[in-house]
Structures are given as C-alpha cells and as structure tokens.
Amino acid sequence: VDAVERGAEVWRKVGRHDAALRTLLDGVALFQGQGRRSQAEHLASEANLVAEDLDHHAAHSELALLAAGRAIEDGDLPGARLLAARAREEAMASRTPAVYVIAVIAFSRLAEADKDYLAAYAALADGWTVLSEMAGPESARDAFEPLMSEARNRWGAQGYVQAKGAYEERQNQADDGH
C-alpha cells in the first residue's frame, strides 16, 4: 500500500492528478485481486477522494465495479446490483464505452442471479442503445449481440422471449405516456 501511495504522491507533486488516480485505481484492483481486502478498501477511499476532486466519472465507475465485487464476496447481491447500476451511470456520464459495457454486463448478470430477467434483458437492450450512441451501431452490435445470444442460451427460448416481451411492453407503455 505504501508503494502505491508514494507513487500516487509523486504524480500529484508533478501535477499529474490523473496519473495519481490511475495509480490508486490500479492498486485497488491489484490488492482486491490478491484477496487483500483491507488494503484495497483503503486505496479505494483515497481514490474516491481524488476522483471527487477531479469529477472523474470513469474512475467512479471503476470504483463502483470493484466495490460490487467486494459486495458479491460478502454475499450482498442487492448491494452489488446497486453498485453495478451506479457504475453503469458513471460510465455513461464519462462516455467510456469499455467501462460502460463491463458495468452493463455486471448489472445484467446480477439481475439474472436474482431471477429478474426483465431487468437483466433491459440492461442489455438499453446498453445496446446507449453504446450505439456512444461508439456507433456496429460497435454496439459487436458488443451486445453475443451477450443477448448468451442470455437466450442461459434463460432458454421461452424465458428470453418473456423477458424481451415484457421489456417491449414496458417500452411501448412509456412511449404512450402510461
């Protein structure tokens, strides 16, 4: 932890706050990946402060995804789902396509684990639309078509069609102002 903090401090001293933030984020991911939770949480707190100062939505998204991972380790799937939703919103605000797709996948899979296939499908369908606007329709299709196909395979044709139908019905009601 000390080495990561010193590295971030060096970047801050030379005015590279973005690099200091990246160093902290990488430290969080490294320690969390090693199962060193207290160190990861300590660095996450520091990274969050820097991200707040910089109004860095992409960093907030990464931190929320990492926190979702810790919530999953704790068995807190509802908490993880809320964090994945936050990660998705922050990634959308930052307009970072790769992080956005990861956040959508995390949210969708957590909704699926909760047997909320409508929310899982909606995340993928809405994600496709947002990514299309963010990175173009071809990129969106390349990212989300396989995810939709995988969801169909996991849920079965009937489950997938039900989720899709419920989503489309909800969309039509929203379009009609109901």
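A few points on the structure. Worth saying up front: this structure is predicted, and the values here are computed from it rather than measured. (Residues numbered from 1 in each chain as written. Predicted model: local features only at pLDDT ≥ 70, side-chain atom pairs only at ≥ 80, totals over all residues. Heavy atoms only, no water.)

Turning next to the overall build of the chain. A tally of regular secondary structure across the chain gives 8 helices and 0 strands. Across the chain, helices and strands are ordered from the amino to the carboxyl terminus as α-α-α-α-α-α-α-α. Principal-axis analysis of the C-alpha atoms places the extent of the chain at approximately 55 × 35 × 30 Å. Counting every position in the chain, which comprises 178 residues, the buried fraction comes to 40%. Partitioning the intrachain contacts of the chain with sequence separation of at least 6 by distance along the chain shows that 55% fall at a separation of at least 24. Of the roughly 9500 Å² of accessible surface on the chain, 51% is carried by carbon and sulfur atoms. Charge separation in the chain, taken as the distance between the mean sites of 19 positive and 29 negative side-chain charges, equals 4 Å. (Helix = DSSP H or I, 4+ residues; strand = E, 2+ residues; numbered from the N terminus. Buried < 20%, exposed > 50% of the residue type's maximum accessible area, 1.4 Å probe, protein only. Contact = heavy atoms within 4.5 Å. Areas by Shrake-Rupley, 256 points an atom, 1.4 Å probe, with all protein chains shown as cover. Lys, Arg positive; Asp, Glu negative; His and termini not counted. Charge placed at Lys NZ, Arg CZ, Asp CG, Glu CD.)

If you walk through the whole model with that rule in mind, you get 15 salt bridges. E41 is paired through a salt bridge with R37; the nearest N and O atoms lie 2.8 Å apart. With E41 and R37 both in helix 3 (residues 37-54), this residue pair falls 4 residues apart, about one helical turn. Judged by its relative accessible area of 33%, E41 is partly exposed. In this structure, the salt-bridge partner of R154 is E112, at a minimum N-O distance of 2.8 Å. (Salt bridge = Lys/Arg side-chain N within 4 Å of Asp/Glu carboxyl O.)

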